[in-house]
Number of protein chains: 2
Amino acid sequence: MKIGIVGLGLIGGSLAIDLRQLGHTILGVSRSPKTCQEAIDRHIAHQASPELSLLAPAEVIFLCTPIAALQATVEQLIPHLSPATILTDVGSVKAPVVEAIAPLWQNFVGGHPMAGTAESGLDAALSGLFIDRAYVLTPIATTPPAAVEIVSELARSLQSKLYQCRPIDHDRAVAWISHLPVMVSASLIAACMSEADPTVLDLAQKFASSGFKDTSRVGGGNPELGMMMARYNQAEVVRSLYAYRHQLDQVIEQIEQQNWTELESLLEKTGSDRPAFLSS
Amino acid sequence: MKIGIVGLGLIGGSLAIDLRQLGHTILGVSRSPKTCQEAIDRHIAHQASPELSLLAPAEVIFLCTPIAALQATVEQLIPHLSPATILTDVGSVKAPVVEAIAPLWQNFVGGHPMAGTAESGLDAALSGLFIDRAYVLTPIATTPPAAVEIVSELARSLQSKLYQCRPIDHDRAVAWISHLPVMVSASLIAACMSEADPTVLDLAQKFASSGFKDTSRVGGGNPELGMMMARYNQAEVVRSLYAYRHQLDQVIEQIEQQNWTELESLLEKTGSDRPAFLSS
């Protein structure tokens, strides 16, 4: 199959590497001529160019640009496409993307391969990034089933765990387990830094060990990515933050009122609820 | 040196193992005759008994019982001791412990070896648990410097990183980096479980990966330990929770008001502030 990839970063590059190994022909597009040359030199893409016209013969095109550039990319891409071409994206938020792109191109399947590393860019692209990771497709009523099946088959060939759901259900689910944790974790670091006594702050920094390290990890990650999560999934992130604050207020009240039995029951429940989130 | 250890669990047992390897004579006390026998059979203690009178010849005694049992243990121990005997504890909260024990025994040095595993009990005790971990001593104005020096020397011999500070400064510091993260992390799990739509909750559980796993880890730990942190360090935990909620409210406001530049600046700052907490 001829597969186009727009945006040769971590996700686009990693898709190219795996799909080429599976025997597909890879046509890559990046705004940067240097990245295009690197994609060819490293045998990541068969052909690469800053020109979207390169993708005219592609049967499936993965849109791997930042979410902010998706709609403009599709608008510029359309004049080069035959109606049978299937478009799919890799954005981490689905409702706004599907709402923007589906009216422009019928053969569009919203997608989200839930993989990544702390790195970014084509240099970070690697083989096998999607193995055993969730790959979510969010078709809507107007999405042609044949297009969903072709993208599904490609996702399965990457050894991903394939899921299908409504765009809004995807966005609510990732708000809980991906976007909310970033805000919760960043707030922990910021709260510690608000300690006004330098002696106490210094001791806190010296005493911190694995518990603090784990709880603060995603709050110390890529700032632009964290901001973009909130920006594109605003309503669902705010919804999860209000639920979180309500829960936090209950913990504060339990501790203030010395309801130790209730607090211990809560901690027992969180301990027994957590494993259901760790299956992957 | 003759060293007594009251409470042969994870910490007491691990102290016994290391101090015996360093050539000291270990006298162990546990309420459970079975644990005493195990400590002798496994060559963890030279002698072990449920009777505190066993500790009469000890020069230094580590109090490794739960915090709730500390004061009663010291009161029962005192009739057996010579005035030169040094007492030190291993409790994870220091101000209430020091306030309770210091008036009972002058040669008392508050201590907190900041080590542990997910396990508990003598079966979990292991060699080298304290290497490169913080070991905090919290002497007060009335603590004899010679007693502090002897406990310091023992802590150093375990290859711990030795710190000294005021009990209240210890408690504030551990509220930030140990107790607050438990409440923050548990609230994340509980908030996710509050999702009323079973489809969304199911997707969230399936999509959760390393970010959620790390952020939720300490909130899914030992419930009794988590409750005890809040109970014995109540004032400082509440103080840290209020500061945290204030910070969280700022994040919510930034997202609601679409202050993306401010949110990104905050996430840049948390990213650059985090490494100072990761030195150990």
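Counting its secondary structure elements, chain A contains eleven helices and nine strands. Overall size of chain A, expressed as C-alpha extent along the three principal axes, is 70 × 40 × 30 Å. A total of 280 residues make up chain A; the buried ones form 55% of that total. Accessible surface, chain A: about 11,300 Å² in total, of which carbon and sulfur atoms supply 51%.

Moving on to the interface of chain A and chain B. Every contact between the two is made by 90 residues of chain A and, on the other side, 90 residues of chain B. When chain A packs against chain B, the two sides together hide about 8,400 Å² of surface, and 70% of this comes from carbon and sulfur. When the area that chain A buries against chain B is broken down by residue, the three leading residues are A:Phe207, A:Arg274 and A:Phe277, summing to 10%. Linking chain A to chain B there are six salt bridges. A:Glu195 is paired through a salt bridge with B:Arg239; the nearest N and O atoms lie 3.0 Å apart. Connecting chain A to chain B are 29 residue pairs in polar contact (both at pLDDT 80 or more). Elements with a minimum of two residues in the side of chain A that touches chain B: strand 8 (134–137), helix 6 (167–193), helix 7 (198–207), helix 8 (210–216), helix 9 (223–232), helix 10 (234–256) and helix 11 (260–273) of chain A. A per-class count over the side of chain A that touches chain B returns 49 nonpolar, 21 polar and 20 charged.

The next point concerns the sheet that holds strand 3 (residues 47–49) of chain B. Residues and elements named next belong to chain B. Pairing in this open sheet of six strands is parallel, and the strands run 3-2-1-4-5-6 from one edge to the other. Both outer strands of the open sheet, strand 3 and strand 6 (108–109), are each paired with one neighbouring strand and no more. Bridging between strand 1 (residues 2–6) and strand 2 (residues 25–29) involves five bridges; their strand directions are parallel. The residue bridging Ile-3 from the neighbouring strand is Ile-26, located in strand 2. On top of the sheet, helix 3 (residues 67–77) reaches strand 1, strand 4 (60–63) and strand 5 (86–89); it is set at about 150° to strand 4, its chief contact.

This next bit is on unusual backbone geometry. Phi is positive for B:Gln159, which is not a glycine, with a value near 65°. Relative to the assigned elements, B:Gln159 resides in the loop between helix 5 (145–157) and strand 9 (161–164).

Let us look at the relation of the copies chain A and chain B. Of the two same-sequence chains, chain A is brought onto chain B (RMSD 0.0 Å, axial shift 0.0 Å) by a rotation of 180°. The two molecules are tied by a two-fold rotation axis, judged by turn and shift. Minimal C-alpha separation from the rotation axis in chain A is found for A:Thr215, amounting to 2.1 Å. Interface residue correspondence from chain A to chain B reaches 100%, placing this contact among same-surface, isologous pairings.

The next subject is helix 1 (residues 10–21) of chain A. Residues and elements named next belong to chain A. Between its terminal C-alpha atoms helix 1 stretches 17 Å, which fits the 16 Å expected from twelve residues at 1.5 Å a residue. Across the twelve residues of helix 1, ten count as buried, placing the element largely inside the fold. For helix 1, the set of buried residues is Leu-10, Ile-11, Gly-12, Gly-13, Ser-14, Leu-15, Ala-16, Ile-17, Asp-18 and Leu-19. Each element contacted by the buried residues of helix 1 is listed here: strand 1 (2–6), strand 2 (25–29), strand 4 (60–63), strand 7 (111–113) and helix 5 (145–157).

Two numbers describe a pair of packed helices, the interaxial angle and the distance between the axes. Residue and element names in this part refer to chain A. For the pair helix 6 and helix 9, interaxial distance at closest approach is 10 Å and the crossing angle is 120°. Here helix 6 lies oblique to helix 9, going by the angle between them. Judged by the sense of rotation from one axis to the other, the crossing of helix 6 with helix 9 is left-handed. Residues Ser-178, His-179, Val-182 and Met-183 of helix 6 touch helix 9, and the partners they reach there are Gly-226, Met-229 and Ala-230. Partitioning the contact of helix 6 with helix 9 into residue classes produces four nonpolar, three polar and no charged.

Buried within helix 9 of chain A we find A:Gly226, A:Met227, A:Met229 and A:Ala230. All buried residues of helix 9 of chain A fall inside an arc of 155° around its axis, so they share one side. Contacts from the buried residues of helix 9 of chain A go to helix 6 and helix 10 of chain A together with helix 10 (234–256) and helix 11 (260–273) of chain B. Of the residues flanking the start of helix 9 of chain A, the one acting as N-cap is A:Asn222, its side-chain oxygen 2.9 Å from the backbone nitrogen of A:Glu224.

What follows deals with the pairing of strand 5 (residues 86–89) of chain A. All names here are of chain A. Neither face of strand 5 is left uncovered, since the one carrying Ile-86 and Thr-88 and the one carrying Leu-87 and Asp-89 both have all their residues buried. The pairing of strand 4 with strand 5 spans four bridges and is parallel. Following the sheet pairing, Ile-61 is matched in strand 5 by Leu-87. Taken together, strand 4, helix 3 (residues 70–77) and strand 5 constitute a β-α-β crossover, and its handedness is right-handed. For the segment spanning strand 5, helix 4 (residues 95–101) and strand 6 (residues 108–109), crossover handedness is right-handed.

All names here are of chain A. Pairing analysis gives four bridges linking strand 8 to strand 9 (residues 161–164), with the strands arranged parallel. Pairing of Tyr-135 across the sheet is with Leu-162, part of strand 9. Crossover connection from strand 8 via helix 5 to parallel strand 9: handedness right-handed.

As a further point, take the pattern of salt bridges. What the rule picks out here adds up to 22 salt bridges over all chains. For the salt bridge of A:Lys269 with A:Asp273, the shortest nitrogen-to-oxygen distance reads 2.5 Å. Highlighted residues: A:Lys269 and A:Asp273, both in helix 11, separated by four residues, approximately one helical turn. On the basis of relative accessibility, which here comes to 14%, the residue A:Asp273 falls in the buried class. As a salt-bridge pair, B:Arg156 and B:Glu153 come within 2.9 Å of each other at their nearest N and O atoms. Separated by three residues within a single helix, B:Arg156 and B:Glu153 lie in helix 5, roughly one turn from each other. Ionic contacts of the salt-bridge type, sharing partners, join the residues A:Glu149, A:Glu153 and A:Arg156 into one network.

Reading the values: rules and limits
- Sequence order as written defines residue numbering, which begins from 1 separately in each chain.
- Chains and ligands are labelled by the order in which they are written, letters from A for the one and numbers from 1 for the other.
- Reporting in this predicted model follows two pLDDT cut-offs: at least 70 for local features of residues, and 80 or more for side-chain atom pairs to be given and counted; totals over whole chains, interfaces and linings ignore these cut-offs and use all residues.
- Side-chain metrics in this entry use all non-hydrogen atoms of the structure; hydrogen atoms and water are not considered.
- Put simply, DSSP marks the helices as runs of H or I at least four residues long and the strands as runs of E at least two long, and each gets a number from the N terminus on.
- Accessible area is worked out with a 1.4 Å probe on protein chains only. A residue is then buried under 20% of its type maximum, exposed over 50%, and partly exposed in between.
- Each accessible area is a Shrake-Rupley estimate made with a 1.4 Å probe; only the visible protein chains count as cover when residues are assessed.
- For this analysis, residues touch if any pair of their heavy atoms sits within 4.5 Å.
- Buried area is a sum: the accessible area each of two parts loses on coming together, probed at 1.4 Å, counted once for each and added.
- Salt bridges are defined as contacts in which a side-chain nitrogen from Lys or Arg sits within 4 Å of a carboxyl oxygen from Asp or Glu.
- Contacts described as polar in this section are N or O atom pairs within 3.5 Å, which, within protein, must combine one atom able to donate a hydrogen with one able to accept it, while residues neighboring in sequence count only if both atoms come from side chains.
- Charged means Asp, Glu, Lys or Arg here, nonpolar means Ala, Val, Leu, Ile, Met, Phe, Trp, Tyr, Cys or Pro, and polar covers whatever is left, Gly included.
- Here a strand pair is declared whenever DSSP counts at least two bridges between the two strands.
- As a rule, the C-alpha atoms of each element are fitted with a line to give its axis, helices using only the stretch in contact, and angles between N-to-C directions run from 0 to 180 degrees.
- When the copies are overlaid, the least-squares fit takes in C-alpha atoms only where the residue has pLDDT of at least 70 in both copies.
- By this rule, a helix spans an expected 1.5 Å times one less than how many residues it contains.
- Orientation categories follow fixed angle ranges, with anything under 35 degrees roughly parallel, anything over 145 roughly antiparallel, 65 to 115 roughly perpendicular, and all other angles oblique.
- Helix crossings fall into two classes, left-handed where the near helix is turned counterclockwise from the far one by less than a right angle and right-handed where it is turned clockwise.
- Note that the arc is computed from the directions linking the helix axis to the C-beta atoms.
- Think of it like this: strands point away, you trace from the first strand over the helix to the second, and a clockwise trace means the crossover is right-handed.

Remember that the coordinates give geometry; whether it matters functionally is a separate question.
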